[in-house]
Amino acid sequence: MVSRVIPVDPFDLVIFGGTGDLARRKILPGLFRRFCAGQMPDNAHVIGAARTEISEAAYRDMIRDAILEFGGVEKTDEAQLSAFLQNLSYVAIDARGETGWRDLKALMRRKVVRAFYFSVAPSLFGDLAERLNNHGLTDHNSRIVVEKPFGRDLETAQKLNGDLAAFFEESQIYRIDHYLGKETVQNLMAVRFGNMLFEPLWNSQFVDHIQITVAETVGVGGRGEYYDKSGAMRDMVQNHLMQLLCLIAMEPPARFDPDAVRDEKLKVIRALEPVEPHHIVRGQYGADVDDPDEHPDYRTAVDNPKSKTESFIAMKTHIANWRWAATPFYLRTGKRLCARSSEISIVFKDTPHSIFGEEAGRHRNVLSIRLQPNEGIKLGVTIKEPGPGGMRLIDVPLDMTFADALGPEGADNVDAYERLIMDVIRGNQTLFMRGDEVEAAWAWTDPIIEGWTNSNDVPKPYDSHSAGPDASAQLMRRDGREWREVTP
Ligand code: NAD
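Procedures and definitions
- Residues numbered from 1 in each chain as written.
- Predicted model: local features only at pLDDT ≥ 70, side-chain atom pairs only at ≥ 80, totals over all residues.
- Heavy atoms only, no water.
- Near = heavy atom within 4 Å.
- Polar contact = N/O pair within 3.5 Å; in protein donor to acceptor, adjacent residues only side chain to side chain.
- Areas by Shrake-Rupley, 256 points an atom, 1.4 Å probe, with all protein chains shown as cover.
- 1 Å grid on protein atoms, 1.4 Å probe; cavity = no way out; pocket = protein on both sides within 12 Å on 5 of 7 lines; lining within 4 Å.
- Sits in = over half its atoms within 2 Å of the grid points.
- Helix = DSSP H or I, 4+ residues; strand = E, 2+ residues; numbered from the N terminus.
- Nonpolar A, V, L, I, M, F, W, Y, C, P; charged D, E, K, R; others polar.
- Pairing = 2+ DSSP bridges.
- Axes fitted to C-alpha atoms, helices over the stretch in contact; angles between N-to-C directions.
- Contact = heavy atoms within 4.5 Å.
- UniProt positions renumbered as here; feature names shortened; annotations may be inferred.
- Buried < 20%, exposed > 50% of the residue type's maximum accessible area, 1.4 Å probe, protein only.
- Salt bridge = Lys/Arg side-chain N within 4 Å of Asp/Glu carboxyl O.
- Points joined across faces, edges and corners; volume = space filled by probe spheres on them.
- Phe/Tyr/Trp six-rings, centres within 6.5 Å; stacked < 30°, edge-to-face > 60°.
- Patch = residues over 30% accessible without salt bridge, like charges linked within 9 Å, V, L, I, M, F, W, Y side chains within 5 Å.
- Lys, Arg positive; Asp, Glu negative; His and termini not counted.
- Charge placed at Lys NZ, Arg CZ, Asp CG, Glu CD.
- Arc of directions from axis to C-beta.

Engineer: How should the site of the ligand be read in this particular structure?
Structural biologist: Near the ligand, the surroundings consist of 21 residues, among which Thr19, Asp21, Leu22, Arg25 and Val120 are the closest. In this structure, an oxygen atom belonging to the ligand sits 2.8 Å away from a main-chain N or O atom of Leu22. Between the ligand and Lys148, the relevant distance is 3.1 Å, taken from an oxygen atom to a main-chain nitrogen or oxygen of the residue. In the complex, 72% of the free accessible area of the ligand, which totals 830 Å², lies under the protein chains. Taking a 2 Å distance to the grid points as the criterion, the majority of the atoms of the ligand fall inside the largest pocket. Among the elements that take part in the shell around the ligand, helix α1 (residues 21-36) stands out by supplying 3 residues, more than any other. Grouping the amino acids of the shell around the ligand by side-chain chemistry returns 9 nonpolar, 6 polar and 6 charged.

As structure tokens, this is what we get:
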């Protein structure tokens, strides 16, 4: 199956922070892949902008190396790479000063879409917005893209929103959550709202509970200083897990358009109940016993022997509305766990009565939506175990792993960043967070984090390569449930 690629309109894209890690690892290699796929018009112009004083030639060399390293292409086509780099420029610019802004203006064309990607620390967002405006670089059709973290609490998020709103309309602001750019996340909406099968069962009457797990095998790596001020709640739950929860729990929007979808997501966040402290488990990973020097425990990794920051969190939460009042949502995320796996599981209730008797066994239907790796959707159904020996029931998966079902073209060969950048150029905000959503999410997380600050509780230690602290399993067992296994 060959996927359709619809080229986007001509554009000028400025990447502030164009020499940084994100630009080199994700944004520019992603743009190159879209270029190879024929989605970028020939005259698309990409401009790297950062503080470093380097020549355009040196910048192109830097990005050539980055694409070769991170492009994810088995064999890079030299001719295509050269053609892509031809349309790449560089300006040395200071977000907080006046250097470079005139040069940038001279490079930009009229009558094409202008997009400005703020791939810099959030403390520079306001400065960039102001200078873009003061130097007359934007018009009503220009867009800005901002990276996470969008604030560290409600107050800072409100301040950031205010700084951007001083110069841009909400319809021009694209707040990235790259989880929303994943193919399966959009497929989740297609499955829910494109089939008659699921939606009638999508409520407390039929769903026992929902689990969302985002497990990583890596530790904090070189980001220790940043991470220790953030923790799993701010780094993962407030944005990525919350967004996934919204897409699962929201009411059907009237249309698949940005505000209809985001209105429904916002209602979910506002309906989230405060979380009871005993419904949350925090953890910190221990050293890798096989290689403690290379992979030390969390506190050593962040160089803070008294750190109370969580590298793992598991929690139970409820949504106070008619659809979900009686269905708990269990969220879990952590670093240095036994497998890298992001999965949402909708666990349906038992059948009301088993006609086969208890010895046949009882199984629950589970719809698993797997975001990474091996993106796909699986529905566990109960059938008779084949062969003689009476009626025994087993679970088999109705499996739709995209690579198997649709061939290699159908697998997610489009990275989330590529998809989202193309959406920015198209002017489609559906997969971006609106300012009020982000604020509502902080309003829900702030009291939880404040509670930890004011308590003497510390995160529980857990072994590297495990599924987290034992208390996480107990959180489920107290409710007569089990976490789904974390498998690669
Ligand atoms: P980085 O430190 O590697 O790069 C920062 C970039 O900003 C550099 O190009 C630097 O020259 C530029 N810069 C710094 N001060 C400047 C100034 N005054 N004027 C102009 N340019 C300036 O950071 P990064 O890892 O690329 O992250 C960029 C942003 O993206 C951050 O907000 C980060 O939180 C976010 N983010 C990064 C990742 C990632 O994987 N790296 C993932 C998600 C979000």
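Engineer: In this structure, what is going on with the sheet that holds strand β2 (residues 45-50)? I would like to understand it.
Structural biologist: Whether parallel or antiparallel, the strands of a sheet pair through hydrogen bonds between backbone atoms. Here we have 6 strands laid out as an open sheet, ordered β3-β2-β1-β4-β5-β6, and parallel in their pairing. Edge strands, defined here as strands with exactly one partner in the open sheet, are β3 (88-92) and β6 (173-175). Recorded for the sheet is a direction-independent mean angle of 20° between the axes of neighbouring strands. Direction of pairing for strand β4 (residues 113-118) relative to strand β5 (residues 143-146): parallel, over a ladder of 4 bridges. Directly across from Phe118, in β5, lies its bridge partner Val146. Contacting β1 (11-16), β2, β3 and β4, α1 crosses the sheet at an angle of about 170° to β1.

Engineer: Help me understand the UniProt feature "binding site: NADP(+)" (unreviewed entry) in the protein chain, please; the structure alone is not making it clear to me.
Structural biologist: Mapped onto this numbering, the UniProt entry annotates "binding site: NADP(+)" (unreviewed entry) at Gly17, Gly18, Thr19, Gly20, Asp21, Leu22, Ala23, Arg24, Arg51 and Lys148. As for the largest cavity, its lining draws on Lys148 from among the annotated residues. Positionally, Ala23 belongs in helix α1. Within the fold, Arg51 resides in the loop between β2 and α2 (56-70). Under the relative-accessibility criterion, Arg51 is labelled exposed at 68%. Residues in contact with Arg51, not counting those within four places in the same chain, are Tyr90, Ala92, Ile93 and Asp94.

Engineer: Help me understand the pattern of salt bridges in this model?
Structural biologist: A side chain of one charge can pair with a side chain of the opposite charge if their charged atoms are brought near each other. Taken as a whole and assessed by the stated rule, the structure comprises 35 salt bridges. Linking Arg25 and Asp21 is a salt bridge whose minimum nitrogen-to-oxygen distance equals 3.0 Å. Taken as a pair, Arg25 and Asp21 lie in helix α1 at a separation of 4 residues, close to a single helical turn. Its relative accessible area of 44% is what places Asp21 among the partly exposed residues. With a closest N to O distance of 2.8 Å, Glu251 and Arg323 form a salt bridge. Here Glu251, found in the loop between α9 (231-249) and α10 (258-271), pairs with Arg323, found in the loop between β9 (312-317) and β10 (329-334); they are 72 residues apart in sequence, far enough to count as distant. Since its relative accessible area comes to 31%, Glu251 is described here as partly exposed. For Arg323, a relative accessible area of 14% puts it in the buried group. Each of Asp259, Arg262, Asp263, Arg434 and Asp436 takes part in one network of salt bridges that share partners.

Engineer: When you look at the layout of surface pockets in this model, what are you seeing that I'm missing?
Structural biologist: There is about 1800 Å³ of room inside the largest pocket. Along the walls of the largest pocket sit 45 residues, with Leu22, Arg25, Lys26, His178 and Tyr417 positioned nearest its centre. Of all the secondary structure elements, the ones that give two or more residues to the lining of the largest pocket are α1, α9, β12 (366-372) and α13 (416-426).

Engineer: Hey, could you run me through the packing of aromatic side chains in this one?
Structural biologist: Taken as a whole, this structure holds 13 aromatic pairs when the rule is applied. With a centroid separation of 6.2 Å and 70° between ring planes, the pair formed by Tyr227 and Tyr298 is classed as edge-to-face. One end of the pair, Tyr227, is in helix α8 (residues 224-228); the other, Tyr298, is in helix α11 (residues 298-301), with 71 residues separating them in the sequence. Accessibility expressed as a relative area gives 2% for Tyr227, which makes it buried. With centroids separated by 5.7 Å and ring planes inclined at 85°, the aromatic side chains of Tyr285 and Tyr298 adopt a geometry described as edge-to-face. Here Tyr285, found in strand β8 (residues 280-285), pairs with Tyr298, found in helix α11; they are 13 residues apart in sequence, far enough to count as distant. For Tyr285, a relative accessible area of 3% translates into the label buried.

Engineer: What's the story with a negative patch on the surface in this structure? I'm lost.
Structural biologist: Side chains of Asp290, Asp291, Asp293 and Glu294 sit close together on the surface and give a patch of like negative charge. Looking at the element boundaries, Asp293 is found in the loop between β8 and α11. The class of Asp293 is exposed, set by a relative accessible area of 75%.

Engineer: For this particular structure, what's the right way to read helix α15 (residues 470-477)?
Structural biologist: The set of residues buried in α15 consists of Ala471, Ser472, Leu475 and Met476. The buried residues of α15 all sit within an arc of 150° when viewed along its axis, so they share a single face. Its buried side turned inward, α15 meets β7 (207-215), β8, β9, β10 and β15 (460-462).

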